[in-house]
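# A look at the structure
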Amino acid sequence: MNDLLSGFPPGKAVLFNGQGKPFEFITRQVPGLKAGEILVKTLYTTLCGSDIHTYCGRRLEPPHVVLGHEIVGDILSIDPAHSGKDFRGEAIKVGDRITWSIFSVPAGITAPRADMPQKSPSLFKYGHVLAEGDDVFNGGLADYCILRSNTALIKIDAAMPLKVAATISCAHSTVMGAIRVAAEISGKKVLVFGAGLLGLSCLAMCKEAGATAIGITDVDPTRLHWGEKFGATAAYAYPGVEGLPPGEGLPLPWPEADIVFDMSGNPQAMKMGIDSLAVGGCAIWIGAVFPAKPVEIDAQKVVRKLLQIRGLHNYNYEDFVNATAFIEDNYKKYPFEELIEKEYSLDDIEEAFAFASNSKPVRVGIKIGE
Ligand SMILES: [Zn+2]
């Protein structure tokens, strides 16, 4: 389509203009699609931990950004230059419900490694870019989202609850990446730091992958009750929490884990994770996505115990496909839907962010379409 405008009604978008400033509601015409693009009617967006960090000023985004990158919606229009197929090779059409990767690698750009497309130069990420002119439908907090060409998208069943479907494209895909990095889970003892959506998803994935012992710990003891519902065999209040009686915290070393996952980004927790590893164990860090103090590591311990530390940021295409399949297979088995503890409309976005940052629910959902 080469028209200047798409012919669809104007849409609303919510601009984040910096910490402490009110959100700004704007209405824009929907521009015509460029080659290979897809127009989506956004239905639901969940507020990811990164969005909350941005809102609170712990991480910096462009000065005017439409936040939200855990999004689900229905296809409204497909530019003829698009292949007409989803990432699994299935034909797509107007009206299909889809989830899509958080990033798009611009045409002509080569990834630093084939399995690391998320680290390509000039990468585009939904919910992370400057909103300018009519180019505002690029984040989850808007009526529409325009998918760039080269966005991996997957058609999903409309029967999947929106609350669950929205979380595939960040939380579950990132955790699936961590599972890939861990290599072998079957028969292993794993310990997960952080009982947010990432940690709870990790429990369920480890359970399904055949882990024999699955521990969960969090600074917020009220979150630990979720653990058992997602496959944990043990839950520990994180030590050092004021007011906890002695012995109520994580016993150290924890029955020597083969794999520890850090979803917290807390330097103390990452250190404790290393201390909890058995000989030959591996620590996988995915939570440290905001500035924090360096982690104090005893190098001798790493050497003598033959330990590994591996980091992962975002995910690759394989992780996205596997995470979508995991959720399709398991969203009824584990109570993922209950983790979106409160819902708001787009008009109540101030209230939604305030609640998310003050009350720290696992997730807050934003209903956008009907
Ligand atoms: Zn996210």
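Scoring rules and cut-offs
Residues numbered from 1 in each chain as written. Predicted model: local features only at pLDDT ≥ 70, side-chain atom pairs only at ≥ 80, totals over all residues. Pairing = 2+ DSSP bridges. Helix = DSSP H or I, 4+ residues; strand = E, 2+ residues; numbered from the N terminus. Axes fitted to C-alpha atoms, helices over the stretch in contact; angles between N-to-C directions. Contact = placed C-beta atoms within 7 Å. Core = buried A, V, L, I, M, F, W, Y, C linked by C-beta atoms within 7 Å. Buried ≥ 20, exposed ≤ 12 C-beta atoms within 10 Å, placed from the backbone. Domains from an automatic or database assignment. Nonpolar A, V, L, I, M, F, W, Y, C, P; charged D, E, K, R; others polar. Expected span 1.5 Å × (residues − 1). Parallel < 35°, antiparallel > 145°, perpendicular 65-115°, else oblique. Left-handed = near helix turned anticlockwise from the far one by under 90°. Right-handed = clockwise from strand over helix to strand, strands pointing away.

## Here's the deal with the sheet that holds strand E9 (residues 189-193)
If you trace the six strands from one edge of the open sheet to the other, you get E11-E10-E9-E12-E13-E14, paired in parallel fashion. For this open sheet the edge positions go to strand E11 (234-237) and strand E14 (308-311), each flanked by a neighbour on one side alone. Strand-to-strand twist in this sheet, taken as the mean axis angle between neighbours without regard to direction, amounts to 20°. Of the pairings in the sheet, the one linking strand E10 (residues 213-218) to E11 comprises four bridges and is parallel in character. Bridge assignment links Asp218 to a residue of E11, and that residue is Ala237. Of the strands in this sheet, E9, E10 and strand E12 (257-262) are in contact with helix H4 (residues 197-208), which crosses E10 at around 175°.

## Side note on the nonpolar core
Counting 110 residues, the largest nonpolar core has Val66, Cys202, Leu203, Phe261 and Ile284 as the members making the most contacts within it. The two domains that each donate at least three residues to this core are domain 1 (11-169 + 335-367) and domain 2 (175-311).

## What about the domain arrangement of the protein chain?
Many descriptions give the size of an interface as the accessible area lost when the pieces come together. Assigned domains of the protein chain: these are domain 1 (11-169 + 335-367) and domain 2 (175-311). Put simply, the middle of domain 1 and the middle of domain 2, counted by C-alpha atoms, are 29 Å apart. Taken together, the 11 residues of domain 1 in the interface contact seven residues of domain 2. Top element by residues in the side of domain 1 that touches domain 2 is helix H1 (residues 49-55). It accounts for three residues. Here the residues of the side of domain 1 that touches domain 2 sort into three nonpolar, four polar and four charged.

## Let's talk about helix H6 (residues 267-275)
Looking at H6, one finds that the buried residues are Ala269, Met270, Met272, Gly273 and Ile274. Looking at the buried side of H6, the elements it contacts are E9, E12, strand E13 (277-285) and helix H7 (299-304).

## Thoughts on helix H3 (residues 171-182)
With 12 residues, H3 extends 17 Å between its outermost C-alpha atoms, agreeing within 8% with the 16 Å of an ideal straight helix rising 1.5 Å per residue. With 10 of 12 residues buried, H3 lies mostly within the body of the structure. Among the residues of H3, those classed as buried are Ala171, His172, Ser173, Thr174, Val175, Met176, Gly177, Ala178, Ile179 and Ala182. Where H3 ends, the next residue or the one after it, Ala183, has phi of about 70°, a positive value.

## A closer look at the environment of Ser50
Structurally, Ser50 can be placed in helix H1. Here Ser50 falls in the buried class, since 20 other C-beta atoms lie within 10 Å of it. Through-space distance from the C-alpha of Ser50 to that of Leu67 is 9.5 Å; in sequence the pair is 17 residues apart. In contact with Ser50, other than residues within four places in its own chain, are Arg59 and Val289.

## Topic: the packing of H3 against helix H8 (residues 317-330)
Put simply, H3 and H8 touch, their axes get as near as 8 Å, and they point 110° apart. Comparing their axes, H8 and H3 come out roughly perpendicular. In the packing of H3 onto H8, the handedness of the crossing is right-handed. Contacts between H3 and H8 involve His172, Ser173, Met176, Gly177 and Arg180 from the former and Glu318, Asp319, Phe320, Asn322, Ala323, Phe326 and Ile327 from the latter. Looking at side-chain class alone, the contact of H3 with H8 contains five nonpolar, four polar and three charged residues.

## Here's the deal with the packing of H3 against H4
In the contact formed by H3 and H4, the axes pass within 9 Å of each other and the chain directions differ by 50°. Compared by their axis directions, H3 and H4 come out oblique. Relative to H4, the crossing made by H3 is right-handed. Side by side, H3 and H4 meet where Ala171, His172, Thr174, Val175, Met176, Ala178 and Ile179 of the first sit next to Leu197, Leu198, Ser201, Cys202 and Met205 of the second. Residue composition of the contact of H3 with H4, by class: nine nonpolar, three polar and no charged.

## A closer look at the pairing of E10
Most of E10 is tucked away, with five of its six residues classed as buried. Note: E9 against E10, five bridges, orientation parallel. Bridging from a neighbouring strand, Lys189 pairs with Ala213 of E10. Once the chain exits E9 it traverses H4 before rejoining the sheet at E10, and the crossover so formed is right-handed.

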